[in-house]
There are 2 protein chains.
Amino acid sequence: MHKLVSKKPEHETIYLRVKEMILFGEVIPGQPVTIHGLADLIGTGVTPAREAIRRLTAEGALVIQTNRRIEVPAMTADRLQQIELVRMTVEPELAEAAASNCKPNDISELERLDLLVDEAIKVGDIRGYLEANYRFHFYLYGLAEAQILRGIAETLWLRIGPSLRVVCGRYGTANLVDHHRATTRALRAGDAATTREAIAQDIRQGMDFVRQTAFE
Amino acid sequence: MHKLVSKKPEHETIYLRVKEMILFGEVIPGQPVTIHGLADLIGTGVTPAREAIRRLTAEGALVIQTNRRIEVPAMTADRLQQIELVRMTVEPELAEAAASNCKPNDISELERLDLLVDEAIKVGDIRGYLEANYRFHFYLYGLAEAQILRGIAETLWLRIGPSLRVVCGRYGTANLVDHHRATTRALRAGDAATTREAIAQDIRQGMDFVRQTAFE
DNA sequence: ACGCAATACTTTTGATCAAATTGCCCGTGA
DNA sequence: TCACGGGCAATTTGATCAAAAGTATTGCGT
């Protein structure tokens, strides 16, 4: 019999929790992070918290300001440009590759996730929007079976998460537009090139939206 | 009085040491890594070793096979292709940006490093070649002042380091060709576009060289 | 000799504690 | 009021230990 509960280590739990907090806008740029703070968050010792912090800083989700100040990084126009360059390379590629491996029930799942996105936008649920949008994209990217590219995409999402939250909070969810419908339509048609283009458009528009905000 | 020696933490020391081992071909794909092994390597406790491992796995330099087996990842044709895609996006961009910030003594330094590369190739010093080649590229990339792109480039180099070592060991250094001279010439001419192209060629050729080897 | 099971050993994992480092606050003096 | 310095407090850092988990090995029975 297979394991019912996969007991994951504490440091993994902390890592995943903080990752969610960053991706889904529960933290703010500039917010300090301490080892004890994370340990208390989960209710564990400091050792696993340290490992989670090392992992997150290695991924660029946190930055070490001084020896004893770690915080979630602030966005700048320059950093945004670097992120966009790599996103525009990696994510359309993932989308195109995903189109080849995509089965009908995968498309159904993507359409379900897109409905969650629309619903969150309608009711102005920022956290819900960020989470559903993330799940849509990475369910798609997971189909590509390109572990390295997918990992890079995740680090980039970790970097823009806090800023997305700030921008959404300022302008609301009403102005949010996405190209998910075009994506699922292309997938149903088995059109990989159009899938790639739809995701490319989605990213471009999303990054433009973030760029609206003045940084620093 | 300012501090003369900046005492860096043990986990940083271990991290840098293992990073060098991977980049400069001191480890072999498939080689297992244990917490105690790293701790003994530096002569320290296991706590800092754990943090170093978390960081390295987050960067893709190590992979977690099972719960208690961590090793240097093996290369596959598929992984190589993913790496090349991102390298060809990031590194030429870094090179072009570097050209704008490049001062004369920077070029001199790059030429000095290139001489070390040539010398290592001539005497067949694989480790020396890998190190000098790395220093040439990342001295250049450092000039670009694009922290995120540079970080991504480093993770990609960490991923191909062990394989480069294997390929060089098999075919020797005699067949190695690079485009460093074209790079420094373009830099002296202040020609950013040609600098970008030289580095792009350098990467393409290097990746082709690795691709020669059949991965099972 | 082979398969199966139990045991022993290696390794990770997480808590705790002492020491070191650094930021911070407050008081003193000009 | 402000600059400077000392001391306090919070935090990181690294070692150590106990417990858990998995792997390899040994031994037993057929």
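Only a predicted model underlies this, so the values are computations on that prediction, with no experimental measurement involved. Throughout this document, residue positions are counted from 1 along each chain, in the order its sequence is written. Whichever chain is written first becomes A and whichever ligand is written first becomes 1, with later ones labelled in order. In keeping with the predicted nature of the model, local features appear solely for residues at pLDDT of at least 70, side-chain atom pairs appear and are counted solely at 80 or more, and the whole-chain, interface and lining totals rest on all residues. With hydrogens and water stripped out, all remaining heavy atoms of the structure feed into the side-chain values.

## Remarks on the confidence of the model for chain A
For clarity, the cut-off: Values of pLDDT, ranging from 0 to 100, describe the predictor's confidence in every residue of the model. Contacts are assigned to residue pairs with any non-hydrogen atoms lying within 4.5 Å of each other.
Scored by pLDDT, chain A comes out at a mean of 92, with 96% of its residues at no less than 70. Scored below 50 in pLDDT, residues 1-5 of chain A shows 0 contacts in the model against residues more than four places distant or in partner chains.

## A look at the sheet that holds strand S2 (residues 63-66) of chain B
Strands pair in a sheet through their backbones, by hydrogen bonds, and they do so in one of two ways: parallel or antiparallel. All names here are of chain B. The cut-off we apply is this: By the convention used here, strands pair only if DSSP detects at least 2 bridges between them. Each helix corresponds to a stretch of at least 4 residues labelled H or I by DSSP, and each strand to a stretch of at least 2 residues labelled E; elements are numbered beginning at the N terminus.
Reading across from one edge, S1-S3-S2 is the order of the 3 strands in this open sheet, with antiparallel pairing throughout. If you trace the sheet from one side to the other, it starts and ends with strand S1 (32-33) and S2, each paired once. Sheet topology note: the S1/strand S3 (residues 69-71) ladder contains 2 bridges and is antiparallel. Directly across from Val 33, in S3, lies its bridge partner Ile 70.

## Some thoughts on the relation of the copies chain A and chain B
Stated formally: A residue counts toward the fit only if its pLDDT is at least 70 in both copies, and the copies are then superposed by least squares on the C-alpha atoms of those residues.
Superposing chain A onto chain B takes a rotation of 180° plus a shift of 0.0 Å along the axis, which leaves an RMSD of 0.1 Å. This pairing of chains is accounted for by a two-fold axis. In this assembly, 100% of the residues forming the interface of chain A have copies in chain B that are likewise at the interface, indicating an isologous arrangement.

## A few points about the domain arrangement of chain A
All names here are of chain A. Put simply, the rule is: Residue ranges for the domains originate in an automatic or database domain assignment. Values labelled buried area give the accessible surface lost by two parts on being combined, using a 1.4 Å probe and summing over both. Within this document, salt bridges are pairs made up of a side-chain nitrogen of Lys or Arg and a carboxyl oxygen of Asp or Glu, the two lying within 4 Å of each other.
Per the domain assignment, the segments making up chain A are domain 1 (10-71) and domain 2 (77-211). Counting residues at the interface gives 12 residues for domain 1 and 15 residues for domain 2. Across the interface of domain 1 and domain 2, roughly 1,300 Å² is buried in total on both sides, 65% from carbon and sulfur atoms. Area buried by domain 1 at its contact with domain 2 is led by Leu 23, Phe 24 and Glu 59, which between them contribute 45% of it. Here domain 1 is connected to domain 2 by 3 salt bridges.

## Notes on the protein's contact with DNA strand D
Stated formally: Being near a molecule or strand, for a residue, means having at least one of its heavy atoms within 4 Å of it. Under this definition, polar contacts are N or O atom pairs within 3.5 Å; protein pairs additionally need one hydrogen-donor-capable and one acceptor-capable atom, and for neighbouring residues in sequence, both atoms have to be side-chain atoms.
Residues in close proximity to DNA strand D total 18 residues, the closest being Lys 7, Arg 50 and Arg 68 of chain A together with Glu 10 and Gly 45 of chain B. The sugar-phosphate backbone supplies 58% of the atoms of DNA strand D found within 4 Å of the protein. Within the side chain of Thr 44 of chain B, an N or O atom sits 2.8 Å from a phosphate oxygen of DNA strand D. At the level of secondary structure, the elements contributing two or more residues to the surface near DNA strand D comprise helix H2 (35-42) and helix H3 (46-58) of chain A together with helix H1 (10-23) and helix H3 (46-58) of chain B. With 4 residues, H3 of chain B is the single largest residue contributor to the surface near DNA strand D.

## A few points about the pattern of salt bridges
As a working rule, side chains carrying opposite charge can pair if their charged atoms are close by. The line we're drawing: Each residue is placed in one exposure class: buried if its accessible area under a 1.4 Å probe, protein chains only, is under 20% of its type's maximum, exposed if it is over 50%, and partly exposed if it falls in between.
Under the criterion given, the structure shown has 42 salt bridges over all chains. Arg 204 of chain B serves as the salt-bridge partner of Glu 197 of chain B, at 3.6 Å between the closest nitrogen and oxygen. Take Glu 197 of chain B: its relative accessible area is 37%, and that puts it in the partly exposed class. Linked by salt bridges that have partners in common, Arg 17, Glu 20, Glu 26, Arg 127, Glu 131 and Arg 135 of chain A make up one network.

## Section: the side chain of Glu 51 of chain B
Checked against the element boundaries, Glu 51 of chain B lands in helix H3. At 2.7 Å, the side chain of Glu 51 of chain B forms a polar contact with the side chain of Arg 54 of chain A. Setting aside its immediate chain neighbours within four residues, Glu 51 of chain B contacts Arg 50 and Arg 54 of chain A together with His 11 of chain B.

## Details of the protein's contact with DNA strand C
The line we're drawing: In the scheme used here, Gly and all other residues not listed as nonpolar or charged are polar, with Ala, Val, Leu, Ile, Met, Phe, Trp, Tyr, Cys and Pro taken as nonpolar and Asp, Glu, Lys and Arg as charged.
Among the 18 residues in the neighbourhood of DNA strand C, the closest are listed as Glu 10 and Gly 45 of chain A together with Lys 7, Arg 50 and Arg 68 of chain B. Looking at DNA strand C alone, sugar and phosphate atoms form 59% of those within 4 Å of the protein. Gly 45 of chain A has a polar backbone atom sitting 2.5 Å from a phosphate oxygen of DNA strand C. Counting only elements with at least two residues in the surface near DNA strand C, the list comes to helix H1 (10-23) and H3 of chain A together with helix H2 (35-42) and H3 of chain B. The greatest single-element share of the surface near DNA strand C, amounting to 4 residues, is contributed by H3 of chain A. Here the surface near DNA strand C is built from residues that sort into 4 nonpolar, 6 polar and 8 charged.

## Focus on the packing of aromatic side chains
All names here are of chain A. Basically, it comes down to this: Classification of ring pairs uses Phe, Tyr and Trp, with its six-membered ring standing for Trp, and accepts pairs whose centres are within 6.5 Å; under 30 degrees between planes counts as stacked, over 60 as edge-to-face, and the remaining range as tilted.
The tally for this structure, following the rule as stated, stands at 12 aromatic pairs over all chains. Arranged with centres 5.9 Å apart and planes meeting at 70°, the rings of Tyr 134 and Trp 157 form a pair that is edge-to-face. Within this pair, whereas Tyr 134 is found in helix H6 (residues 126-142), its partner Trp 157 is found in helix H7 (residues 147-171), the two being separated by 23 residues in sequence. An identical accessibility class is assigned to Tyr 134 and Trp 157; each is buried. Through successive ring pairs, a cluster of aromatic residues spans Phe 24, Tyr 134, Phe 138, Tyr 141 and Trp 157.

## Description of unusual backbone geometry
Residues and elements named next belong to chain A. Its identity is not glycine, yet Glu 145 carries a phi of approximately 55°, on the positive side. When you line up the elements, Glu 145 lands in the loop between H6 and H7. Residue classification places Glu 145 among the exposed residues on the basis of a relative accessible area of 62%.

## Description of the pairing of S2 of chain B
Residue and element names in this part refer to chain B. Relative to S3, S2 is paired through 3 bridges, and the arrangement is antiparallel. By the bridge assignment, Ile 64 is partnered in S3 with Ile 70. The turn linking S2 back onto S3 is made up of 2 residues.

## Focus on helix H9 (residues 192-211) of chain A
Residues and elements named next belong to chain A. What counts here: By definition here, a helix of n residues has an expected span of 1.5 Å times n minus one.
For H9, which comprises 20 residues, the first-to-last C-alpha distance of 29 Å matches the rise-based estimate of 28 Å (1.5 Å per residue) to within 8%. Buried within H9 are the following residues: Thr 195, Ala 198, Ile 199, Ala 200, Asp 202, Ile 203, Met 207, Phe 209 and Val 210. Looking at the packing, one finds that the buried side of H9 touches helix H4 (77-101), H6, H7 and helix H8 (180-188). Backbone nitrogen of Ala 193 and a side-chain oxygen of the N-cap are separated by 3.2 Å at the start of H9; the cap is Asp 191.

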